[in-house]
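Take a look at the letters that make up each chain.
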Amino acid sequence: NNKRDLYCKPEYVFTSSVDLVNKQNKIYIKIPSYDYDEILNYEINNQFSHFKRDRKYLLYIETPPDHPDGIYAKHRFPPEKPCSINDWFNPLNSFLKKLREISGYDILVLPHPRSTKESLRCLKHCQIETRANKIPLFTNCEGVITQASSAISYAVYYNKPILFIDQKYLTFHNRRSISSLSKFFKKKSIDMNSLLNQEILDAQFKIDDISYINFKKNYLGYPSNKTSHEIIVSILNKTI
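Fair warning: this is a prediction, and the values are worked out from it, not measured in the lab.

**With respect to the overall build of the protein**
- Scanning the protein from N- to C-terminus turns up ten helices and eight strands.
- With 240 residues in all, the protein has 43% of them scored as buried.
- Working note: accessible area of the protein is about 14300 Å², and carbon and sulfur atoms make up 51% of it.

Right, here's the structure in full:
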C-alpha cells in the first residue's frame, strides 16, 4: 500500500504455482515449495531411512491446541474462543480409538514442531513417533489423518489417502480451513463426534487423482529435479 512500492518492480518472482507461471510473463520462475525441497533433498541424497514396521498403520499429523494460528483468535471478527484442552482432546481420542478398532490399523503420530511433552501426553490410543522419520512415516503409511495441516503435501506427493477430521468445538477459522481442503480433494470431513463405520472409512480412503495432480502442480511446484535454492541461486548468478 506504500506509494513507493509502485516504482519497485521485481525482475523475478519465484513461485511454486505452475498456473501462475503459465499465465504471467517471463519474470515468474517456477520453484519447488518448502515441503517439496525437503522431499527432493531426501530422495536426491538417498537419505532413505531404515524405518520399518510389521503392522500397518495410519499417520496422524498432530496439531496442538495451542497452535500459533490461534494466537489472534480473540482479535478476529467476530472474536473467537480457542478450543479448550478437554474439548480438543476428548473428541480426538475417542475418534482415534474408534478408527483403530474399525480399520484394524495402528495409529502413529507425527508431532508438530511446537508441540510440548505435556500436550503429547494427552493423546491416547496412538504412538508418538520422532520427526526424524517424517518422510518414511509418510511413505510407509496406509493413510494420513489431519485437521488441516500443511504437511498434507507429503501425503499428496506419495499418493496417500487423506482423512480430514473436524468437530464442533474448533474455531470457525479452523473449520473453514478443514472444509476448504477437504472440498479441494473432493471429500467431506469426518465429524469426530459422529458415528464412524467401515462405509465412511472406505469413502475416505478413495483418492481423486485429478485433485492430487492439481495440488502437486499448484502447491508443490511439481515436477522438479532441483530444489528451490538451487534454481534461485542459478538465476541470480546469471544476472550478476
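**Focus on the nonpolar core**
- Ranked by internal contacts, the top residues of the largest apolar core, which has 50 residues, are L92, F95, L99, F138 and I145.
- Broken down by element, this core gets its largest block of residues, six residues, from helix α3 (residues 85-103).
- Sequence-distant contacts of L99, defined by excluding residues within four places in its chain, comprise L58, G104, I107, I145, L163, L196 and L201.

**Some words on helix α10 (residues 228-239)**
- Relative to the 16 Å expected for twelve residues at 1.5 Å per residue, α10 spans 17 Å between its end C-alpha atoms, a close match to the ideal helical length.
- Within the sequence span of α10, burial applies to S228, I231 and I235. Projected down its long axis, α10 shows its buried positions confined to an angular sector of 75°, all on one face.

**Observations concerning the sheet that holds strand β3 (residues 57-61)**
- Taken together, six strands build an open sheet; the order of strands is β5-β4-β3-β6-β7-β8 and the sheet is parallel. In this open sheet, the two edge strands, each paired with only one partner strand, are β5 (127-128) and β8 (190-191).
- Together, β3, β4 (106-110), β6 (144-146), β7 (162-166) and β8 form the strand contacts of α3, whose direction differs from that of β4 by roughly 135°.

**Some words on unusual backbone geometry**
- With an omega dihedral of -5°, the bond running from Y222 to P223 counts as a cis peptide bond.
- Locating P223 in the fold gives a position in the loop between α9 (209-220) and α10.
- Positioned with a positive phi, H125 is a non-glycine residue whose angle comes to about 60°.
- The backbone of N159 shows a phi angle near 55°, a positive value even though the residue is not glycine.
- One can find N159 in the loop between α6 (152-157) and β7.

**Here we look at the pairing of β7**
- Of all five residues making up β7, five are buried, and the element is well covered by its neighbours.
- Alternating positions in β7 separate into two faces, I162, F164 and D166 on one and L163 and I165 on the other, with burial throughout.
- Here three bridges tie β6 to β7, and the two strands are oriented parallel to one another. In the strand pairing of β7, V144 is matched with I162.

**Description of the pattern of salt bridges**
- Counted by the stated rule, this structure contains four salt bridges.
- Put simply, K134 and E38 hold a salt bridge, and the shortest N to O gap is 2.8 Å. Taken together, the positions of K134 in helix α5 (residues 134-140) and E38 in helix α2 (residues 34-44) put the pair 96 residues apart, joining distant regions of the chain.
- On the basis of relative accessible area, K134 is assigned to the buried category, the value being 10%.
- We note a salt bridge from R53 to D106, for which the minimum N-O separation is 2.6 Å. Of the two residues, R53 sits in the loop between α2 and β3 while D106 sits in strand β4, which places them 53 residues apart along the sequence.
- The buried category is assigned to D106, whose relative accessible area is 13%.

Procedures and definitions
Residues numbered from 1 in each chain as written. Predicted model: local features only at pLDDT ≥ 70, side-chain atom pairs only at ≥ 80, totals over all residues. Heavy atoms only, no water. Helix = DSSP H or I, 4+ residues; strand = E, 2+ residues; numbered from the N terminus. Buried < 20%, exposed > 50% of the residue type's maximum accessible area, 1.4 Å probe, protein only. Areas by Shrake-Rupley, 256 points an atom, 1.4 Å probe, with all protein chains shown as cover. Core = buried A, V, L, I, M, F, W, Y, C linked by side-chain atoms within 4.5 Å. Contact = heavy atoms within 4.5 Å. Expected span 1.5 Å × (residues − 1). Arc of directions from axis to C-beta. Pairing = 2+ DSSP bridges. Axes fitted to C-alpha atoms, helices over the stretch in contact; angles between N-to-C directions. Salt bridge = Lys/Arg side-chain N within 4 Å of Asp/Glu carboxyl O.

That's the geometry; what it means functionally is another story.
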